[in-house]
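Next come the chains, spelled out residue by residue.
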Amino acid sequence: MHPVWQYGHLHWEVSLGASLSRPACSYLREPFQQDLQTGRSSFREFCCPGWLLPCSCLVHINISGDFKLGQYTSIVAGTIVIDAQNVSLEDSSSLNTNALGGAPPAQTSGTPHGIDGAGGGHGGRGASCTKGEGKDEGDNWGGDVYAWSTLSKPWEYGSRGGTTSIEKNLGGGGGGRIMIIASSILDVNGTISAEGGHVGIEGGGGSGGSIIIHSPKLKGIGSVSASGGTGWAGGGAGRIAIDCYSKQKSVKIMVHGGNSIGCLENAGAAGTMFDSVLQSLTVSNGNRSTLTETLLLEFPTYPLWSNVFIESHARVAVPLYWSRVQVRGQISLSEEATLGFGLEDYPFSEFELMAEELLMSDSTVKVYGALRMSVKMLLMWNSKLEIDGGADAMVGTSLLEASNLMVLKERSVICSNANLGVHGQGRLNLSGIGDTIKGQRLFLSLFYVIHVGSGSMLQAPLDEESESDLAPKLQCESDTCPEELIYPPEDCSVNASLSFTLQICRVEDIIVDGLVKGSILHVHRARTVVVNPTGSITASELGCKGGVGKGQVLSSGAGGGGGHGGKGGAGYFNNNLSKGGKEYGNVDLPCELGSGSGGGNSSSEGKTAGGGIIVMGSKEHPLWKLDIFGSVRADGESLEQVTECQTAELVGGSGGGSGGTLLLFLQTLTLANNSLLSTAGGSGGHVGGGGGGGGRVHFHWSSIPTGDEYVPIANINGTIFTRGGNGSDNGQAGSDGSISGKECPNGLFGLFCVECPVGTYKDVDGSDAALCLPCSPKELPYRAEHIYVRGGVTQSSCPYKCISEKYRMPHCYTPLEELIYTFGGPWLFGLLLSGLLVLLALVLSVARMKFVGNDDHSVPTTPHESQIQHSFPFFQSIDEVREINRAEESQSHVHRMYFMGPNKFGEPWHLPHSPPDQITQIVYEDAFNRFVDEINCFAAYQWWEGAVYSILSVLVYPFAWSWQQWRRRKKVQRLRKFVRSEYDHACLRSCRSRALYEGLKVSGMRS
C-alpha cells in the first residue's frame, strides 16, 4: 500500500511492505520554509509502526507558526496530530483517517461476532439487521460502545464492522484519530474526517473514530465527521470533543450512524459530540432512522454538565439498574429523538433525572422501572414520556416535578402503567387535542393552576384492564365509606394504599376544558374548580362490575340492573325474571361505587359497570367555588349490543350499571345553563335487560351564611340527574337515585339553602320545604303585608310593612285612627271627644267675650289706623324717643315691616331676615337677624294647636274658626309683650332707643 502525504507543493510517497513482522518506524524529517513563511525552521515527522495495520500510520505536525492545508490537498493516515498557532484547511482539502483505525482497546466488544454483517460500535452501537424471535432489529445490535470515560478527550480507534463470510473479514474498517490544537484560530473550509469504512452488502460498516479539536476560535464552512460507515448494517458513530470558546454554526459537526442496506429503518447509532467549554453533550443521528441505541453510562457529579442535546432520530439509553442523570442546564430532545432508561425485559430500575429544563419536541422518553424527575420547566411538543413500571409495586411509583412550568402541546402524552405523581409550584397546562397525562393511579399536587385544555385529558386508571399488582383494586364488596374520602391525608403524597385513582391536591385553581377521568376522583385542598362548556369531569362506567348492588343474572335470562341510590330494574327474558340490585349507601354522606350487572352468559363479555366516585373537597377543607358550565358525571354503563351464546342463540341482555356518587364539599356552586350533574343509571341491554338504579348526589355546604350576612350559595340553572336507567323491551327501569344536602340553618331550606318564602318562617335546622311554616295571620295588621328578610325569617313573628306610606306602623293606622285608638277606640274616643267639645265650646265662648272685648279697646282708633285696619301686623321704629301721646305712636315711625304668611297653623307668620334698605342705617344687621329668629319662633304654632283645629274642623267647624281666631289674637298679644317688655332692642343703633325700650312697636288689625 502507498500512504500518501501531500503538503503544499511537496509530495512524498512511502511504500511499506506488507511483510513487516516486527515493530518498526520510518521517519522522514524535512525542513519546511517554502509554504509556512514563518521565518523559523519547522519539520515534518511521519511514523508508521509496523505492528499495526499497514495503513495505521501516525502523522504528527508540531510547529510554532501557522499550518495551512492547500486546496485539493489531503493528509491520509491512521492518526493525525496537528499543533500550530493557526490551522487552516482550504476548500476541498481534508484530514482523512476514514477506515484507517487501529485496534480498539482491549476487553471491548466494538467488533461484532458472527457472520450477520452487523456494524461496528464505538460512540454508538453498531446496527444489526437480524431479528430475534418475537423481537425487532432494535433488540439486537452489532458492536457495542466503549471509551465512555474519556468522553471529553476521546482517543480511541473505531472498530471494524462484522462480516458475512467465514473465510475473510469483509466489514468496513474503524475510523482513525485526529487531534488539532490551534493556539489562535482553526479555519475549516475542507473536511476533518474519522469515519468508519463504507462497504456493500458483504459486511457491516465500521464505526467512527475519535476527533479532538482545541482552539479559541473555530470558523469556516467545512465539516468535522466521526460518523459510522455504511454496510449491510450500519456502523455506530465515533466520538468528537470540541474545546472552542467561539464556534461558528456554519461548521458542520457530524457523529451519525452509518446507513444499513439490509434494514433501511435501522441505521447505526449516533455517537457523541462533547463541548468542553460549555460542558454539554450532543447526540445527533443526522435524521437517520434507527432502532439502535447510544448508551450513556455514568454521568459526572463534579463538575456537572451544562446541557445534553439528543437530536435527529438519535436513540439514547441509560441502561444501568440505578442511575442519576443530572445537568445544570437543560436536557433537550428533538426531531424524533428517544431517551430510554432501563431495560425493557427487566423494568425494575429506578432513575433520577435532574435539570433546569427538560425540552421535548417530536421525541420520546421511555422508562422501564420508575423515574424521579426534578426540573424547573418541562415543555413537551408532540412528544411522549412513557413509564413501564413492570409488576414490582416497590418501584412502581414515578414522581415528576416541574417547579415552575409544565406544558404539553400538540398531542403530547405522559403515561405510566403504574403509580404516577406529578408535582409543581407553577402552572400545569395541557394545551389541546391529544395532550394527555394518565396512569393507573395519578396524583397531581402543589400547582398554582392546572389547565386541562379542550381535547386534552387527565386519566387514571388506564383504559385497558390489567391484572398487574399496580392496577387499582376497587373495594366493590364493601358498603362502608373509606375514611380517606372524607378525611384525606394532608401531605398530598403518592400513596398507593389509598382508594383514590386520581387525586388533585393543593392546587389553587383547576380549569377544565377537556376531560378529567377516574374511577375514584378526588379534588383536595383546592380553591376553585371551573368546568367550561367543552369540559367534563367523569367517573362514568368506571365503577364495579359486580358490587354490593349487583343485579341478578340467570343462565339464560336477562340481567337485572345494578342498584345503588335506587333499586336496579328487573330483567325479563323467556318468562324468566331476574331481580335488580338492592339500594345501599348513606343518603346523607354517600361515598360508594356504583354496582354493575352481568349478562346471560358466563363469560365476562356483556358485563356492565357502575359509576365511580367523584369527591370535591373534604370536611376540613371544602372547595371554595365550583363553577360548572360543562358536565360532572358518574353514570352507570349501558350495553347496547345484542348478546349471543356460543350456539348463536340469543340470550337476555345485561342489566344497566347503577350510577355512582358525587360528593361535593363546597362553599358556593354555579350550575349554568346546559350544564349537567349526573349519576344516572345505565340502560338495560337487548333483550330484556333491566335498567340500572340511579346514583347519589350530595351537597355538603361548609359554611352557610345566615341573617344579614346571607348570600346565595348556589346558582342553579342546569340539570341534576339521578334517574334510573331505562329497561329494554320487557325489562324494568331502575329506580331514581337520591339528591341530598346538608341540613340548612334557621330561615333557610332546600338542597341549596335558600331563604324561606316571604310570609313563612323556619325556626329549626333542616332542609325540608315543609319546615317553612306560614306566619300567623293574626299578627298581620289589616293594611300590612309581609316583607322580605335577608337570610329568611327565623321567628314566628314575621316582619311586615304597611301597604302605603300614609299609614303608620305598627298597626298601619291613619293619624286620626292612631289618635282614636290611643284613647281606647272609637266608642271611648267619641265619648271623650264629645265631652271635650262641650267643655271647649264653653271655654271658647267665655274667652271670646273676654279677649275680643279687650282687644277692641286696647288701641285708640286714629285716622291713620283706619287706613291699615285691613293690613298685616307690622313693626314701627323711631329714630329718637319723643314724648308723644299713644295715638301718635303708630303714625310716628321710620318704616313699617309687615309679617309674611297667611297666619295658619301650618303656615304661621314670619319676618324676612334681611333688613329693608330703609332701616339699614339705624339697625345692626347681625342683631337684627337674631331678633327676626326670635320673633319667628314666637310666631310659630305648637303641634297640638293644629291638631285641635283639625279635629274641630271635622267635627264642629264653627268651633274650629273660633279656635283659630283665638289663637291668632293670643299670638299677637304674645308678640306685643315680647317686643314691649322682654326684648332689649339690641338691634337698634340708638342708645336712647335701646335704653327706653321704645324703638320697636307691634300693631295689628282687630280681626
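Above this text is the structure in question.
Computed from a prediction, not measured in an experiment: that's the story for all the values here. (Residues numbered from 1 in each chain as written. Predicted model: local features only at pLDDT ≥ 70, side-chain atom pairs only at ≥ 80, totals over all residues. Heavy atoms only, no water.)

Engineer: Would you mind showing me how to read the pairing of strand β15 (residues 239-243) here?
Structural biologist: Regular strands place their side chains on alternate faces of the sheet. Judged by how many residues are buried, β15 sits mostly within the fold: 4 of 5 residues are covered. Inspection of the sheet shows strand β12 (residues 210-214) paired to β15 by 5 bridges, in the parallel sense. Paired with Ile 211 across the bridge in β15 is Ile 240. Bridging between β15 and strand β18 (residues 272-275) involves 4 bridges; their strand directions are parallel. Within β18, the residue paired with Ile 240 across the bridge is Met 273. (Buried < 20%, exposed > 50% of the residue type's maximum accessible area, 1.4 Å probe, protein only. Helix = DSSP H or I, 4+ residues; strand = E, 2+ residues; numbered from the N terminus. Pairing = 2+ DSSP bridges.)

Engineer: Can you help me understand the environment of Gly 535 in this one?
Structural biologist: Among the structural elements, Gly 535 can be located in the loop between β40 (528-531) and β41 (536-538). Between the C-alpha atoms of Gly 535 and Gly 630, which are 95 residues apart in sequence, the distance is 5.3 Å. Apart from the residues lying within four places of it in its own chain, the contact partners of Gly 535 are Val 512, Asp 513, Gly 514, Gly 630 and Ser 631. (Contact = heavy atoms within 4.5 Å.)

Engineer: When you look at the nonpolar core in this model, what are you seeing that I'm missing?
Structural biologist: Most often, soluble globular proteins keep nonpolar side chains buried together rather than apart. Counting 89 residues, the largest nonpolar core has Ile 414, Ile 437, Leu 458, Ile 537 and Trp 701 as its most contacted members. Here this core gets 7 residues from one element, more than from any other, and that element is strand β28 (residues 364-381). Ile 437 has contacts with Leu 408, Ile 414, Leu 420, Val 422, Leu 428, Leu 430, Leu 442, Met 457, Leu 458 and Gln 459, leaving out every residue within four places of it along the chain. The next biggest cluster of nonpolar side chains, apart from the first, holds 33 residues, and it includes Ile 63, Ile 75, Ala 226 and Cys 244. (Core = buried A, V, L, I, M, F, W, Y, C linked by side-chain atoms within 4.5 Å.)

Engineer: Which parts of the structure should I look at to understand the pairing of strand β26 (residues 349-354)?
Structural biologist: Judged from the 5 bridges that link them, strand β23 (residues 322-326) and β26 form a sheet pairing that is parallel. What sits directly across from Gln 326, in β26, is Met 354. Where β26 and β28 come together, 6 bridges link them in parallel fashion. Opposite Glu 352, over in β28, you have Arg 372 as the bridge partner.

Engineer: Teacher, can you tell me more about helix α7 (residues 943-955) here?
Structural biologist: Three- or four-residue spacings in an α-helix give side chains the same orientation, since the helix completes a turn every 3.6 residues. Its 13 residues place the ends of α7 19 Å apart at the C-alpha level, agreeing with the 18 Å of an ideal helix rising 1.5 Å per residue. All buried positions along α7 are accounted for by Glu 945, Gly 946 and Leu 952. For α7, the buried positions fall inside an angular range of 130 degrees around the axis, keeping them on one side. Exposed residues on α7 whose side chains face more than 90 degrees from its buried face are Trp 943 and Val 954. (Expected span 1.5 Å × (residues − 1). Arc of directions from axis to C-beta.)

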